[in-house]
Amino acid sequence: MSKKKIFIFLLAVIMVFSIAGCSKQDKLVKIQEAGKIVLGTSADYPPYEFHKEIDGKDQIVGFDIEIAKAIAEDLGVELEIKDMKFEGLLAALAGDKIDFIVSGMTPTPERAKSVDFSKEYYVEEQKLLIRKADADKIKTIDDLEGLRIGAQKATVQEEIANGIEGAADVKLLAKITDLVLELSNDKIDAIILPKPVAIAYAESNPNLFAPDISFGRQDGVAVAVAKGNPKLVEAINKTLDRLIQEGKIDEFITEATKLAEE
Ligand code: ARG
């Protein structure tokens, strides 16, 4: 090889390594350098994440938020919260607008194609929210025949709603708060929600009711991060392990449930 060729070859080797080096840098490093981690969540899911006026100020609270705070604390960084539509969370993560998602998100195989998930920290059981006036009319899943069903867009609840045989209509909205309004205003007849969320909305809306009707489905929930950041996932799992071991998650759930009911 001529000297020139060797030079070009070495240059190519250096370039390949530096490109690989850049893309390999774990998001964990970026977060620690920035001194903050940005959370994406859809704060319409009490007791997971919801808006609450505390000391005259609107705040986002809930057990997912406590988990996110613990993750930030263990990383030694500030937590910034971005409230958005649930259906926009995955794109926000891919577009680097947020660093992680804690939003009661189920690690479905479909989602796992575009993001990486932590271990599961909770399991939700899918149930219903209806009007109290319909409590005698809606007692089993079969009673949903001919009724108008609501679910949050791009969720596992959407999947369940689309699978209900004989439903008159399936209405999908971005925010659960809007679905709850539709239910109160007799525009839909039932919303598919996990048990604790249905109960929380029933507690704060006296005209609504969370019947004990189950879809017999258990969906886990986990934290999501952009693909290819094993160090960040590892750090998050470490915090989750600690919280689970110390019984903190149950504590967070109890506290958030109380907050949602107040
Ligand atoms: N667990 C369901 C899913 O992943 C619903 C999550 C909705 N979360 C929310 N914050 N609204 O599809």
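Quick note: structure is the one above.
Residues numbered from 1 in each chain as written. Predicted model: local features only at pLDDT ≥ 70, side-chain atom pairs only at ≥ 80, totals over all residues. Heavy atoms only, no water.

Novice: Let's hear about the environment of D143: which residues, and what values?
Specialist: When you line up the elements, D143 lands in the loop between strand 7 (115-131) and strand 8 (148-152). Those residues in contact with D143, other than ones at most four positions away along the chain, are K137 and I138. Of note is the side chain of D143, whose polar atom sits 3.0 Å from the backbone nitrogen of T140. (Helix = DSSP H or I, 4+ residues; strand = E, 2+ residues; numbered from the N terminus. Contact = heavy atoms within 4.5 Å. Polar contact = N/O pair within 3.5 Å; in protein donor to acceptor, adjacent residues only side chain to side chain.)

Novice: So, the site of the ligand: which residues are in play, and what are the values?
Specialist: Lining the immediate surroundings of the ligand are 16 residues, of which G104, T106, R111, E124 and Q152 lie closest. Residue E49 places a side-chain N or O atom 2.9 Å away from a nitrogen atom belonging to the ligand. One nitrogen or oxygen atom from the side chain of R111 is found 2.7 Å from an oxygen atom belonging to the ligand. Burial of the ligand by the surrounding chains reaches 100%, relative to a free accessible area of 350 Å². In this structure the site holding the ligand corresponds to the largest cavity. Of all elements in the fold, only strand 2 (44-45) and helix 6 (156-162) reach the threshold of two or more residues within the shell around the ligand. Tallied by class, residues from the shell around the ligand come to five nonpolar, seven polar and four charged. (Near = heavy atom within 4 Å. Areas by Shrake-Rupley, 256 points an atom, 1.4 Å probe, with all protein chains shown as cover. 1 Å grid on protein atoms, 1.4 Å probe; cavity = no way out; pocket = protein on both sides within 12 Å on 5 of 7 lines; lining within 4 Å. Sits in = over half its atoms within 2 Å of the grid points. Nonpolar A, V, L, I, M, F, W, Y, C, P; charged D, E, K, R; others polar.)

Novice: Which residues make up the sheet that holds strand 4 (residues 57-61), and what values go with them?
Specialist: Read from one edge of the open sheet, three strands run 2-3-4, paired in antiparallel fashion. Here the strands that pair on one side only, and so sit at the sheet edges, are strand 2 and strand 4. Pairing of strand 2 with strand 3 (residues 49-54), which is carried by two bridges, proceeds in the antiparallel orientation. Note that in strand 3 the partner of Y45 across the bridge is E49. (Pairing = 2+ DSSP bridges.)

Novice: Go over the pairing of strand 8 with me, naming the residues and quoting the values.
Specialist: Taken across its five residues, strand 8 has four buried, putting it largely inside the fold. Pairing between strand 8 and strand 9 (residues 169-173): five bridges, direction parallel. Each bridged residue has a counterpart across the sheet, and for R148 the counterpart in strand 9 is D169. Crossover strand 8 to strand 9 through helix 6 is right-handed. As defined by bridge partners, strand 8 adjoins strand 10 (residues 190-194) across two bridges and the pair is classed as parallel. In the sheet register, G150 faces strand 10, and the bridge partner there is I191. (Buried < 20%, exposed > 50% of the residue type's maximum accessible area, 1.4 Å probe, protein only. Right-handed = clockwise from strand over helix to strand, strands pointing away.)

Novice: Tell me about empty space enclosed by the protein, residues and numbers included.
Specialist: Considering all chains together, one arrives at one cavity of 30 Å³ or more under this definition. Estimated volume of the largest cavity: approximately 90 Å³. Contributing to the lining of the largest cavity are 15 residues, with Y45, F86, G104, T155 and Q157 lying nearest its centre. When contributions to the lining of the largest cavity are tallied by element, the ones reaching two or more residues are strand 2 and helix 6. Here the lining of the largest cavity is composed, by residue class, of four nonpolar, seven polar and four charged. (Points joined across faces, edges and corners; volume = space filled by probe spheres on them.)

Novice: Which residues make up the nonpolar core, and what are the values?
Specialist: F63, I67, L75, F100, Y121 and L129 are the most contacted members of the largest nonpolar core, which totals 47 residues. Broken down by element, this core gets its largest block of residues, eight residues, from helix 3 (residues 63-75). In this structure, L75 is in contact with L28, I31, Q32, I37, L232 and A235, ignoring residues within four places of it in sequence. (Core = buried A, V, L, I, M, F, W, Y, C linked by side-chain atoms within 4.5 Å.)

Novice: Describe the pattern of salt bridges, and please don't skip the residues or the numbers.
Specialist: Pairing between side chains of opposite charge can happen when their charged atoms approach one another. All chains considered together, the criterion is met by 24 salt bridges. Note that R148 is salt-bridged to D186, the shortest N-O span being 3.2 Å. Taken together, the residues R148 in strand 8 and D186 in the loop between helix 7 (176-184) and strand 10 connect sequence positions 38 residues apart. One network of salt bridges, in which partners are shared, links R131, D134, K137, R148, D186 and D189. (Salt bridge = Lys/Arg side-chain N within 4 Å of Asp/Glu carboxyl O.)

Novice: Could you give an account of the side chain of E182, with specific residues and numbers?
Specialist: Along the chain, the position of E182 falls in helix 7. Excluding residues within four positions of it along the chain, E182 makes contact with K171, L173, K187 and I188.

Novice: Tell me what's going on with unusual backbone geometry, and back it up with residues and numbers.
Specialist: The residue after P46, namely P47, is reached through a cis peptide bond having omega 5°. Structurally, P47 can be placed in the loop between strand 2 and strand 3. Notably, D96 is not glycine yet its phi reads approximately 65°, a positive angle. Judged by relative accessible area, which is 46%, D96 ranks as partly exposed.

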